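Coordinate inspection notes
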Amino acid sequence: VAKGEGRNRFSFFTPALQEAALTRVRLANDLRTALVDNQFRVLYQPIIELATGSIHKAEALIRWQHPKRGLVSPAAFIPIAESSGMIVDIGEWVFQQAAAQVQKWRQTLHPEFQISVNRSPVQFRHDDSGQASWGMQMHALGLPGEALVVEITEGLLLDTNAIVGEQLLALGDAGIKVSLDDFGTGYSSLAYLQKFDIDYIKIDQSFVRHLIPESTDLALCKAIIVMAHALGMQVIAEGVETEQQRSLLAAAGCDYGQGYLFARPISASEFETLVKMS
Ligand code: C2E
Ligand code: MG
Ligand code: MG
Ligand code: MG
């Protein structure tokens, strides 16, 4: 009977599902050597100050150049890296790239340049007693904490694991800034915005995509901006693709914008050219 049941269950998997599961297993396997084989790159997407057009912030975004599959998007491999725990080492590598980059750009582009790095909840839950903290590594490079912004998602704030709260506090103590990514898509209560020390709110792309005058999305963006400012935070709008979106957000008092209208994620040298031309 058990055997029969097993067969029946197996038959629920369509060939397409089997293929997808296989791809995940293969990617997980390939991920294990990707770091030592130098297959990752970090791209930088500018974050523009809307009132002035100044560029003194960027988000670091990882890319995986797979030897056979070509470019694999983070949406495809970050979840795999998270479930296998490899995100800890990968995230550490991204941080080190970003720290070296911001050290350079503070000297060559803007004295207060900031780079933001995405940090997965898995990285927060990981006991990093063996690793030097990001605050200590910044210090060793002679960088002030505020040169780094750590991007977290709303779900992290609901995590009751004590180590998460401790790590958030440690980041704040080191002067490192915290940004709440994809805001509006999770389910964090507004009380959490006060409970934790958050410096920036990033309005999720889904609220920006259909932004037109007198829309509900515009009302939501305005409400987020007013609330964030009242709590002493600054606001970054994600996914700004059109001039109309930019001008509506600027008029609503949004501090920063990020999106294809300004630039896609680009290499460090392309980034330098962009800033020098702007
Ligand atoms: P995210 O942190 O919300 O990053 C913003 C994503 O939106 C990026 O996708 C960026 O390329 C894309 N984007 C920027 N402007 C526009 C626009 O105007 N229109 C549209 N349609 N998209 C835009 P990307 O680089 O594919 O990264 C996807 C997600 O993967 C990130 O979302 C982040 O959650 C994760 N991720 C990327 N790099 C890292 C990393 O180093 N560590 C961790 N833990 N996660 C990462
Ligand atoms: Mg982000
Ligand atoms: Mg702080
Ligand atoms: Mg986002």
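To be clear, the structure that these remarks concern was listed above.
Residues numbered from 1 in each chain as written. Chains lettered and ligands numbered in written order. Predicted model: local features only at pLDDT ≥ 70, side-chain atom pairs only at ≥ 80, totals over all residues. Heavy atoms only, no water.

What about helix H3 (residues 74-84)?
Two residues of an α-helix separated by three or four positions point the same way, owing to the 3.6 residues in each turn. Note the threshold: For every residue, the accessible area (1.4 Å probe, protein chains only) is compared with the maximum for its type, and the residue is labelled buried under 20%, exposed over 50%, or partly exposed between those bounds. Segments assigned H or I by DSSP are reported as helices when at least four residues long, segments assigned E as strands when at least two residues long, and all are numbered from the N terminus. This arc is taken over the directions from the axis of the helix to the C-beta atoms. For this analysis, residues touch if any pair of their heavy atoms sits within 4.5 Å.
Buried residues of H3: Phe77, Ile80 and Ala81, and no others. Viewed along the axis of H3, the buried residues span an arc of 100 degrees, placing them on a single side of the element. Every exposed residue of H3 that faces more than 90 degrees away from the buried side is listed here: Ala75 and Ser83. Looking at the packing, one finds that the buried side of H3 touches helix H2 (15-34), strand S1 (40-49), strand S2 (55-66), strand S3 (70-72) and helix H4 (87-108). At the exit of H3 stands Gly85, carrying a positive phi of roughly 85 degrees.

With respect to the side chain of Glu154
Test applied: None of His or the chain ends enter the tally, which takes Lys and Arg as positive and Asp and Glu as negative. Definition used for salt bridges: Asp or Glu carboxyl oxygen within 4 Å of a side-chain nitrogen of Lys or Arg.
Along the chain, Glu154 falls in helix H7 (residues 154-157). Although buried, Glu154 forms no salt bridge, and the nearest oppositely charged side chain, Lys202, lies 13 Å from it.

Quick notes on the site of ligand 1
Let me state the cut-off plainly: For this description, a residue counts as near a given molecule or strand if any of its non-hydrogen atoms is within 4 Å of it. Think of a polar contact as two N or O atoms within 3.5 Å of one another; within protein, one of them needs to be a possible hydrogen donor and the other a possible acceptor, and neighboring residues in sequence only count if both atoms come from side chains. All accessible-area figures derive from a Shrake-Rupley calculation using a 1.4 Å probe, and residue coverage is judged against the displayed protein chains alone. For this classification, the nonpolar set comprises Ala, Val, Leu, Ile, Met, Phe, Trp, Tyr, Cys and Pro, the charged set comprises Asp, Glu, Lys and Arg, and every other residue, Gly included, is treated as polar.
Taken together, 23 residues form the shell around ligand 1, and within it Arg63, Asp181, Gln205, Glu241 and Tyr260 come nearest. Asp182 places a side-chain nitrogen or oxygen 3.1 Å from an oxygen atom of ligand 1. Protein chains shield 80% of the accessible area of ligand 1, which is 810 Å² for the free molecule. Elements with a contribution of two residues or more to the shell around ligand 1: S2, H3, H4 and strand S6 (177-183). A class-by-class count of the residues in the shell around ligand 1 yields nine nonpolar, seven polar and seven charged.

Focus on the environment of Ile90
Within the secondary structure, Ile90 is located in helix H4. Ile90 sits in the buried class, given a relative accessible area of 3%. Sequence separation between Ile90 and Leu157 is 67 residues; the distance between their C-alpha atoms is 22 Å. Discounting residues that sit within four places of it in the chain, Ile90 has contacts with Leu31, Leu35, Phe40, Ile62 and Ala81.

Quick look at the packing of aromatic side chains
Our working definition: Two rings belonging to Phe, Tyr or Trp (six-membered ring only in the last case) form a pair when the distance between their centres is within 6.5 Å. Interplanar angles under 30 degrees mark stacking, angles over 60 mark edge-to-face geometry, and anything in between is tilted. Geometrically, a charge over a ring is one whose NZ (Lys) or CZ (Arg) sits within 6 Å of the ring centre while staying within 35 degrees of the ring normal.
One pass over the structure, following the stated rule, counts 10 aromatic pairs. Measuring from ring centre to ring centre gives 4.6 Å for Trp105 and Phe271, while their planes differ by 15 degrees; the resulting arrangement is stacked. Taken together, the positions of Trp105 in helix H4 and Phe271 in helix H13 (residues 268-277) put the pair 166 residues apart, joining distant regions of the chain. Comparing Trp105 with Phe271, the two get one shared label, buried. Note on Tyr192 and Phe196: the rings are 6.2 Å apart at their centroids and 5 degrees apart in plane angle, and the pair reads as stacked. Taking the relative accessible area as the measure of exposure, Tyr192 reaches 22% and is therefore partly exposed. Taken together, the ring pairs in this structure connect Phe40, Trp64, Phe77 and Trp93 into an aromatic cluster. We note Arg119 situated over the ring of Trp134; from NZ or CZ to the ring centre the distance is 4.6 Å.

Quick word on the coordination of the magnesium ion (ligand 2)
Threshold: For Na, K and Ca the donor cutoff is 3.2 Å, while for all other metals N, O and S atoms must lie within 2.8 Å; water is not among the atoms, so some sites may look incomplete.
For the magnesium ion (ligand 2), the full set of protein donor atoms is Glu59 (OE), Asn118 (OD1), Glu151 (OE) and Asp181 (OD), and the range of their distances to it is 2.0 to 2.3 Å. Written as a sequence motif, the donor residues of the magnesium ion (ligand 2) are E-x58-N-x32-E-x29-D. On the basis of relative accessible area, Glu151 is assigned to the buried category, the value being 2%.

Some points on the side chain of Glu59
In this fold, Glu59 is placed in strand S2. Judged by relative accessible area, Glu59 falls into the buried class, the value being 4%. A distance of 2.8 Å separates a polar atom in the side chain of Glu59 from a polar atom in the side chain of Asn118. Among residues more than four places away in sequence, those in contact with Glu59 are Leu43, Tyr44, Gln45, Ile47, Ser116, Asn118, Glu151, Asp181, Lys202 and Gln258.

Regarding the nonpolar core
The test is simple: We call a set of buried Ala, Val, Leu, Ile, Met, Phe, Trp, Tyr and Cys residues a nonpolar core when their side-chain atoms join them within 4.5 Å.
Core analysis: the biggest nonpolar cluster contains 76 residues, and Leu31, Phe40, Tyr44, Ile152, Leu249 and Phe271 have the highest contact counts within it. Of the residues forming this core, the biggest block, 10 residues, is contributed by H4.

Describing the pattern of salt bridges
Counting across every chain of the model gives six salt bridges. In this structure, Arg125 and Asp159 form a salt bridge, with 2.8 Å as the shortest nitrogen-oxygen distance. You can see Arg125 sitting in helix H5 (residues 121-125) and its partner Asp159 sitting in the loop between H7 and helix H8 (162-173), a full 34 residues away along the chain. Note on Arg125: relative accessible area 39%, which makes it partly exposed.

A short note on the packing of H4 against H13
Under the convention used in this document: Here, axes are lines fitted to C-alpha atoms. For helices the fit covers the stretch in contact, and angles between N-to-C directions go from 0 to 180 degrees. Relative orientations are named as follows: roughly parallel for angles under 35 degrees, roughly antiparallel for angles over 145 degrees, roughly perpendicular for angles from 65 to 115 degrees, and oblique for any other angle. Handedness of a crossing is defined here by the sense of rotation of the near helix relative to the far one, left-handed for an anticlockwise turn of less than a right angle and right-handed for a clockwise turn.
Interaxial distance between H4 and H13 falls to 12 Å at its minimum, and their mutual angle equals 25 degrees. Our classification of the angle between H4 and H13 gives roughly parallel. The handedness of the crossing between H4 and H13 is right-handed. Of the residues in H13, those touching H4 at Gln101, Lys104 and Trp105 are Ala268, Phe271 and Glu272. Of the residues contributing to the contact of H4 with H13, the split by class is three nonpolar, one polar and two charged.

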